[in-house]
Each structure stands twice: as C-alpha cells, then as structure tokens.
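Structure at a glance
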Amino acid sequence: MLRSCAARLHAVGALRGLRGCARPWARSSGPAPEFFHEDHSLPKPSWSKDMRLLFDQFMKKCEDGSWIHLPSYNYTLFQRSQDISAFIHAYLPTASKLINEEKLLQAKIFTRNFEDGLGFEYVMFYNDVEKRVVCVFEGGPYLQGMPGCLHGGAIATMIDATVGTSAMIAEGIVMTANLNINFKRPVPLCSVVLINSQLDKIEGRKLFISCNVQSVDEKTLYTEATSLFIKLDPEKQV
Ligand SMILES: CCCCCCCCCCCC(=O)SCCNC(=O)CCNC(=O)[C@H](O)C(C)(C)COP(=O)(O)OP(=O)(O)OC[C@H]1O[C@@H](n2cnc3c(N)ncnc32)[C@H](O)[C@@H]1OP(=O)(O)O
C-alpha cells in the first residue's frame, strides 16, 4: 500500500515538475532549474498564527505516516519547453493548435505567484487510507470580493486545486469536467479555513470528489462542493 501511495505521489510530483520523475512524454533530461527547488507550502513569516498552528498540527500527524505533507511549486508541469510541447501534443492535441509555445515559457501556477501574504497561502496534506486531501488556506487582501470577504472565484480556485490534487494522486493526468459549488456563508478575508476533500468513487475514467470549506474551529460551514474529474486519454482528441 505504501508502495502504491508513493507511486501516485510520484505522479503528482511529475505533474508539478519535480526532478527525477518518470515522464513518458518528456523528450529531454537533465537538471531542473533552481526555481523548482523552493517548496512554497512551508511556513513563511507572512503566515498567520492560525496557519502556523494548523501546519504544526498536521505535521505532527505526518510523523506516524498516516498523513503526508504535499510540497508545492510555483512553476507548472515541466521545466523544459519541449516537455510542455510534448505533453500538450500527447494529451491536448486540439488545444495545441491555439497555444503560443513562446508564451508557455513564462507560464506559472497563478495561485503561487502573489507576493507572500497577499494572495493564496496554502498547504495540503494527504491521507491515503481515508483518500482525503486537506488544504489549510488563508486568502490574503488581494483576493477580496465583497468588502471584507474572500472572492468566490478565489474559493472556487482553491477547491479546484484541492480536489484536483486528490484526483491527480489517484489517477495521474486529469482535468476538471464539473465543479458544483454552494456558497453558504461568506469567508472573511485573511481568515484561515480548512478545505476538506474526499475521493468518493472512481468509475472508469471518472473520479467523483466532494469537498467542504470550514472555519478552523469547524463551527462554520462556508462552502460545499462536488466535482467530477476525467482521466485524460491520449487516444482521444480532446
Ligand atoms: C499541475 C500541478 C498543479 C497542482 C495541482 C492543482 C490541481 C489543479 C486542478 C485544476 C484542473 C483544472 O482546472 S482543469 C481546467 C478546467 N477544465 C477543462 O478545461 C476541461 C475541459 N473539458 C475537456 O477537456 C473534456 O471535456 C474532458 C477532458 C474533461 C473530458 O473529455 P473526454 O476525455 O473526451 O471524455 P468524454 O468521453 O467526453 O467523457 C468521459 C465520461 O465522462 C462524462 N462526462 C464528461 N464531462 C462531463 C460533465 N461535465 N458532467 C458529467 N459527465 C461528464 C461523459 O459522459 C463520459 O461518461 P461515460 O459515457 O463514460 O459514462
């Protein structure tokens, strides 16, 4: 079991551009640039007390191996342009006709490219037995929607990232087909929330993952969501 869990986390690593992972579509090899080495899910001076407290609590749970801390980087997928190109041609051939490959060299994960403390601050943990990914998330002042509240799109983004991580761990290369969100209470800007996701079932290429967003004391249920992810089939012309 640990072996298969490690294999799937390895797949997530590959998706995030970690070094040394098997990438069947990759045509080149060699060391990754330095920017891949910074794990953005580790404590920073800009983190709030609540964020740090929850990080420490989850890291404690990681000690017996039941939970795993998931690293996170600010550049996406692959470190070399030919890798990106090979991936897109293999998995997204229709989209590839419209993609400007020069611009791809500048691509970054948008949740990881705000100044520290101003945008998305988050860290995820994974429990293989329970098939859960939990994200500790604090939305900074640049994510305001209604005055004093987190923008719904920012919440949707982090839900997508959390359930997407769960889907990638389970099945590798997936895309969101459906994300259904009920916003039940406004999330206060700059507060820490817990995004709890649960892999409910897998049917063929379809992965069903549910999710909720709660306050740290678990007294307020802010948001509930369900999602459908589809494992990409390189034989299909998506
Ligand atoms: C990187 C590290 C960062 C860190 C990790 C961060 C993670 C972030 C995750 C972000 C992920 C995204 O936002 S992805 C971006 C947003 N999503 C997209 O752009 C996807 C756009 N849609 C598509 O490309 C396509 O529709 C796909 C790939 C989803 C599915 O196309 P397909 O492969 O041709 O599959 P298809 O045959 O149509 O469907 C397969 C089965 O699923 C069903 N199905 C398909 N879509 C739906 C649907 N919306 N609702 C219900 N059912 C559906 C079909 O009926 C069928 O069921 P049956 O007949 O078999 O029963």
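The shown structure was predicted, so the numbers you read here are calculated from the model rather than taken from an experiment.

Some remarks on helix α6 (residues 152-171)
With 20 residues, α6 extends 28 Å from end C-alpha to end C-alpha; this agrees with the ideal 28 Å at 1.5 Å per step. Looking at the residues trailing α6, positive phi occurs at G172, about 85 degrees.

Topic: the sheet that holds strand β3 (residues 132-139)
Read across the open sheet, the seven strands follow the order β1-β2-β3-β5-β6-β7-β4; overall the sheet is antiparallel. The sheet terminates laterally at β1 (68-70) and β4 (174-183), the two strands that pair on one side only. This sheet shows a mean twist of 25 degrees between the axes of neighbouring strands, independent of strand direction. The pairing of β3 with strand β5 (residues 192-203) spans seven bridges and is antiparallel. Among the inter-strand pairings, V133 is bridged to a residue of β5, identified as S197. Across the sheet, helix α2 (residues 49-62) lies against β1, β2 (120-127), β3 and β5, angled at about 20 degrees from β2, the strand it touches most. Strands in contact with α6 are β1, β2, β3, β4, β5, β6 (206-215) and β7 (221-231); relative to β4, the strand with the most contacts, it is inclined by about 135 degrees.

As for a nonpolar patch on the surface
Taken together, F110, F114 and Y142 make up a surface patch of nonpolar side chains, about 350 Å² in accessible area. Within the secondary structure layout, F110 lies in the loop between α5 (101-104) and β2. You can call F110 exposed: its relative accessible area is 51%.

Considering the side chain of Q214
Along the chain, Q214 turns up in strand β6. Classification of Q214 by relative accessible area gives buried; the value is 17%. There is a polar contact of 3.3 Å between the side chain of Q214 and the side chain of N196. In this view, Q214 contacts V193, L194, N196, T220, L221 and Y222; residues no more than four positions away in its chain are not counted.

Remarks on the pairing of β2
Most of β2 sits out of view: eight of its eight residues are buried. Going residue by residue along β2, you find F120, Y122, M124 and Y126 tucked away on one face and E121, V123, F125 and N127 tucked away on the opposite face as well. Note that β1 and β2 share three bridges and pair antiparallel. Looking at β2, one finds that H69 is bridged to F125. Relative to β3, β2 runs antiparallel, the two sharing eight bridges. Looking at β3, one finds that F120 is bridged to G139. Taken together, β2 and the strand that follows it, β3, pair antiparallel across an intervening segment of four residues, in which K131 is found at a positive phi of about 55 degrees.

Things to note about the confidence of the model for the protein
Mean pLDDT over the protein works out to 85, with 81% of the residues at or above the 70 mark. A low-confidence stretch, residues 14-34 (pLDDT under 50), is modelled with 54 contacts involving residues beyond four sequence positions or located in other chains.

Digging into unusual backbone geometry
The phi torsion at K131 lies on the positive side, around 55 degrees, for a residue other than glycine. Take K131: it is sitting in the loop between β2 and β3. Overall, K131 belongs to the partly exposed group, its relative accessible area being 29%.

Some words on the packing of aromatic side chains
Note on aromatic pairs: each is described by the distance of the centres and the angle between the planes. One pass over the full model with this rule turns up eight aromatic pairs. Ring centres of F114 and F120 lie 5.7 Å apart, and the angle between their planes is 65 degrees; on these two criteria the pair is classed as edge-to-face. In this structure F120 comes out as buried when scored by relative accessible area, which is 5%. A connected cluster of aromatic rings, assembled from ring pairs, spans W47, F55, F58, W67 and F125.

A few points about the nonpolar core
In this structure, F137, L150, M158, I159 and I195 are the most contacted members of the largest nonpolar core, which totals 32 residues. A total of eight residues in this core trace back to one element, the largest contributor, which is α6. Non-local contacts of L150, meaning those with residues more than four positions away in its chain, are made with F137, G139, L143, G145, I155, V187, P188 and L189. Counting residues in each nonpolar core, the second largest holds 13 residues, with W47, W67, V134 and L194 among its members.

The rules we used
Going along each chain's sequence as written, the residues are numbered from 1 onward. Where totals are concerned, whole chains, interfaces and linings use all residues; where local detail is concerned, this predicted model gives features only for residues with pLDDT of at least 70, and gives and counts side-chain atom pairs only at 80 or more. Heavy atoms throughout the structure, all of them, feed into the side-chain values; hydrogens and water do not. A helix here means a DSSP run of H or I that spans at least four residues, while a strand means a run of E at least two residues long, and both kinds are numbered starting from the N terminus. Helices are assigned an expected span. That span is 1.5 Å times one less than the residue count. By the convention used here, strands pair only if DSSP detects at least 2 bridges between them. Whenever a helix is involved, its axis is fitted only over the stretch in contact; in every case the axis is a line through C-alpha atoms, and angles between N-to-C directions fall within 0 to 180 degrees. Should any heavy atoms of two residues lie within 4.5 Å, those residues are considered in contact. By definition, no residue in a patch forms a salt bridge, and every one has over 30% relative accessible area; like charges are joined within 9 Å, nonpolar side chains (Val, Leu, Ile, Met, Phe, Trp, Tyr) within 5 Å. Where accessible areas are quoted, they stem from the Shrake-Rupley method and a 1.4 Å probe; at the residue level, only the protein chains shown are allowed to cover. Salt bridges are defined as contacts in which a side-chain nitrogen from Lys or Arg sits within 4 Å of a carboxyl oxygen from Asp or Glu. Three exposure classes are used, based on accessible area relative to the maximum for each residue type with a 1.4 Å probe and protein chains only: buried under 20%, partly exposed in between, and exposed over 50%. Any pair of nitrogen or oxygen atoms within 3.5 Å is treated as a polar contact; in protein, a donor-acceptor pairing is required on top of that, and neighbouring residues in sequence qualify only through side-chain atoms on both sides. pLDDT is defined as a per-residue confidence score from the predictor, taking values between 0 and 100. Between the rings of Phe, Tyr and Trp (Trp by its six-membered ring), a pair exists once the centres lie within 6.5 Å; its type follows the angle of the planes, with under 30 degrees stacked, over 60 edge-to-face, and the other angles tilted. To form a nonpolar core, buried Ala, Val, Leu, Ile, Met, Phe, Trp, Tyr and Cys residues must be joined to one another through side-chain atoms within 4.5 Å.

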